[in-house]
Amino acid sequence: MARKPDRIRIEVFASAGEAETAEEAFRPSNEAILSLARLIGQQMAREQFERARALERKQARQNRSSPVR
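Residues numbered from 1 in each chain as written. Predicted model: local features only at pLDDT ≥ 70, side-chain atom pairs only at ≥ 80, totals over all residues. Heavy atoms only, no water.

1. Some points on the overall build of the chain
- Looking only at helices and strands, the chain features 1 helix and 0 strands.
- Residues classed as buried in the chain amount to 0% of the 69 residues present.
- Of the roughly 7400 Å² of accessible surface on the chain, 56% is carried by carbon and sulfur atoms. (Helix = DSSP H or I, 4+ residues; strand = E, 2+ residues; numbered from the N terminus. Buried < 20%, exposed > 50% of the residue type's maximum accessible area, 1.4 Å probe, protein only. Areas by Shrake-Rupley, 256 points an atom, 1.4 Å probe, with all protein chains shown as cover.)

2. Considering the pattern of salt bridges
- For the structure shown, the criterion picks out 1 salt bridge.
- A salt bridge links Glu56 to Arg53; its shortest N-O distance comes to 3.3 Å. Here Arg53 and Glu56 lie together in helix 1 (residues 22-65), a separation of 3 residues that amounts to about one turn. (Salt bridge = Lys/Arg side-chain N within 4 Å of Asp/Glu carboxyl O.)

3. Some remarks on a nonpolar patch on the surface
- Together, Ile8, Ile10 and Val12 make up a nonpolar patch on the protein surface, roughly 420 Å² of accessible area in all.
- Among the secondary structure elements, Val12 is positioned in the segment before helix 1. (Patch = residues over 30% accessible without salt bridge, like charges linked within 9 Å, V, L, I, M, F, W, Y side chains within 5 Å.)

4. Brief notes about the environment of Ser65
- Its place among the elements puts Ser65 in helix 1.
- Looking at Ser65, its side chain comes within polar contact range of the main-chain oxygen of Gln62, at 3.3 Å. (Polar contact = N/O pair within 3.5 Å; in protein donor to acceptor, adjacent residues only side chain to side chain.)

5. Details of a positive patch on the surface
- Taken together, Arg57, Lys58, Arg61 and Arg64 make up a surface patch of like positive charges.
- Summarising the element assignment, Lys58 is placed in helix 1.
- The partly exposed category is assigned to Lys58, whose relative accessible area is 43%. (Lys, Arg positive; Asp, Glu negative; His and termini not counted. Charge placed at Lys NZ, Arg CZ, Asp CG, Glu CD.)

Printed below as a string of structure tokens:
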């Protein structure tokens, strides 16, 4: 099995001498930022879903254990 690197490597390349637009110059960093934001958003949604499920389970347990009048 291949060994995984301990750190994430982000490489920044200098311009090749041609004039670039600002959008082209920042495209690699924008893609990295969007990927990171997507991962953070997915994790937040996962945690929110788990909290909601835990609350539902807690309420269901309380409803089952409450005495019938």
